[in-house]
Amino acid sequence: MRTTFSWAKWIANLYRDTHPSHYYYVLAKVLSDDLANTLRTLSLNHLDQRNSLGHVLDVGCGRGQFDFLISLFNNVESLTGVDLDARKIVVANKALACWNIDQPLATPIKFKVGDATALGEGCYDTILLFDVFNTLEHSEQHVILAQLASRLNDGGRLFVRESIRGDGPSVSKWLEPLARKFGTNIGRNMAFPTYEQLCSCVQVAGLEIIAERTSPLLKSRFLTLKKATSHAH
Ligand SMILES: C[S@@+](CC[C@H](N)C(=O)[O-])C[C@H]1O[C@@H](n2cnc3c(N)ncnc32)[C@H](O)[C@@H]1O
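In this text the structure is predicted, and so the values were computed from the model without any measurement.

Asker: Describe the packing of helix 7 (residues 138-149) against helix 9 (residues 195-204), listing the residues and the values that go with them.
Answerer: At their nearest, the axes of helix 7 and helix 9 sit 7 Å apart, and the two run at 45° to each other. Looking at the two axes, helix 7 sits oblique to helix 9. Viewed along their axes, helix 7 and helix 9 form a crossing whose handedness is right-handed. Where helix 7 abuts helix 9, its residues Gln-141, His-142 and Leu-145 lie against Leu-198, Cys-201 and Val-202. Of the residues contributing to the contact of helix 7 with helix 9, the split by class is 4 nonpolar, 2 polar and no charged.

The structure is reproduced here in structure tokens:
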């Protein structure tokens, strides 16, 4: 997997047993979305001395393409992807069957249907929330980061990617209403937060922003949030 195109094709090929539209969606997404590059270089910029993402939860994982990518390029002990849309979980699980054939010794991954606001039991070292914040009701947006922070182990990381109201036009803000209109994406709401609203949720959750970058193309923000380590007294 030397070039971007060859590993993008390798990931898209995991979707070979699904409708061809998923193969081409994943190929285009991984090639064009700079989240792919950010996730490939996480170990360099965003991790602590463990240099591992540990046990990972991806909330609103969609078809799961970024979960395969993150597992290929980082140390990951286990990964669980959860999404409200059962159709996407079917696609993700078909790709997972190919992953288990193509990478039999790789990270154990599982995908299941679930709601970001009702995740059940379990604690994680890393939680991902990519382009999902805007899909939640305003009342849910206020508490989601705090809910996820409570699921992080000490020193854990929450990676949030979101388009920001007030950051100007962006591809995501333009594509999401179309995806909703044609039924390819679902969500209870479509409300992009202002940067101040997002930061206020970060603060309420007791999290700290340790790195941040804005995508030049999509104009969305990628925040690396850290949960403070609790000290035994
Ligand atoms: C724009 S897509 C992003 C998918 C994936 N995170 C990615 O970056 O490719 C938003 C996803 O959030 C999911 N979603 C919407 N509301 C949700 C909820 N309440 N709980 C879990 N997932 C939800 C949708 O089904 C969709 O797959």
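Asker: Just give me the short version of the side chain of Arg-151, but keep the residues and values in it.
Answerer: In this structure, Arg-151 sits in the loop between helix 7 and strand 5 (152-162). Of the side chains with opposite charge, Glu-121 comes closest to the buried, unpaired Arg-151, at an N-O distance of 5.8 Å. Sequence-distant contacts of Arg-151, defined by excluding residues within four places in its chain, comprise Leu-119, Gly-120, Glu-121, Gly-122, Cys-123, Tyr-124 and Ile-127.

Asker: How would you sum up the side chain of Asp-33? Please name residues and give values.
Answerer: Structurally, Asp-33 is set in the loop between helix 2 (20-32) and helix 3 (35-40). In this structure the side chain of Asp-33 is engaged in a polar contact, spanning 2.8 Å, whose partner is the side chain of Arg-161. Apart from residues lying up to four places away in sequence, Asp-33 is in contact with Ala-28, Phe-66, Arg-161 and Leu-218.

Asker: Tell me about the packing of aromatic side chains, and please be specific about residues and values.
Answerer: This structure, assessed with the given rule, holds 8 aromatic pairs. Measuring from centroid to centroid gives 5.0 Å for Tyr-23 and Tyr-24, while their planes differ by 85°, and the two rings are edge-to-face. Relative accessible area serves as the criterion here: at 56%, Tyr-24 is assigned to the exposed category. Measuring from ring centre to ring centre gives 5.2 Å for Phe-68 and Trp-99, while their planes differ by 40°; the resulting arrangement is tilted.

Asker: An account of the layout of surface pockets is needed here, citing residue identities and associated values.
Answerer: Taken as a whole, the largest pocket spans an internal volume of roughly 1000 Å³. Tyr-25, Lys-88, Asp-131, Glu-176 and Asn-185 are the residues nearest the centre of the largest pocket, which is lined by 48 residues in total. Elements represented by at least two residues in the lining of the largest pocket include exactly helix 2, strand 1 (54-59), helix 5 (65-73), strand 2 (76-83), strand 5 and helix 8 (171-181). Here the lining of the largest pocket takes 7 residues from helix 8, the largest share from any one element. Looking at the lining of the largest pocket residue by residue, the class counts come to 21 nonpolar, 12 polar and 15 charged.

Rules used in this analysis
- Residues numbered from 1 in each chain as written.
- Predicted model: local features only at pLDDT ≥ 70, side-chain atom pairs only at ≥ 80, totals over all residues.
- Heavy atoms only, no water.
- Axes fitted to C-alpha atoms, helices over the stretch in contact; angles between N-to-C directions.
- Helix = DSSP H or I, 4+ residues; strand = E, 2+ residues; numbered from the N terminus.
- Parallel < 35°, antiparallel > 145°, perpendicular 65-115°, else oblique.
- Left-handed = near helix turned anticlockwise from the far one by under 90°.
- Contact = heavy atoms within 4.5 Å.
- Nonpolar A, V, L, I, M, F, W, Y, C, P; charged D, E, K, R; others polar.
- Buried < 20%, exposed > 50% of the residue type's maximum accessible area, 1.4 Å probe, protein only.
- Lys, Arg positive; Asp, Glu negative; His and termini not counted.
- Salt bridge = Lys/Arg side-chain N within 4 Å of Asp/Glu carboxyl O.
- Polar contact = N/O pair within 3.5 Å; in protein donor to acceptor, adjacent residues only side chain to side chain.
- Phe/Tyr/Trp six-rings, centres within 6.5 Å; stacked < 30°, edge-to-face > 60°.
- 1 Å grid on protein atoms, 1.4 Å probe; cavity = no way out; pocket = protein on both sides within 12 Å on 5 of 7 lines; lining within 4 Å.
- Points joined across faces, edges and corners; volume = space filled by probe spheres on them.

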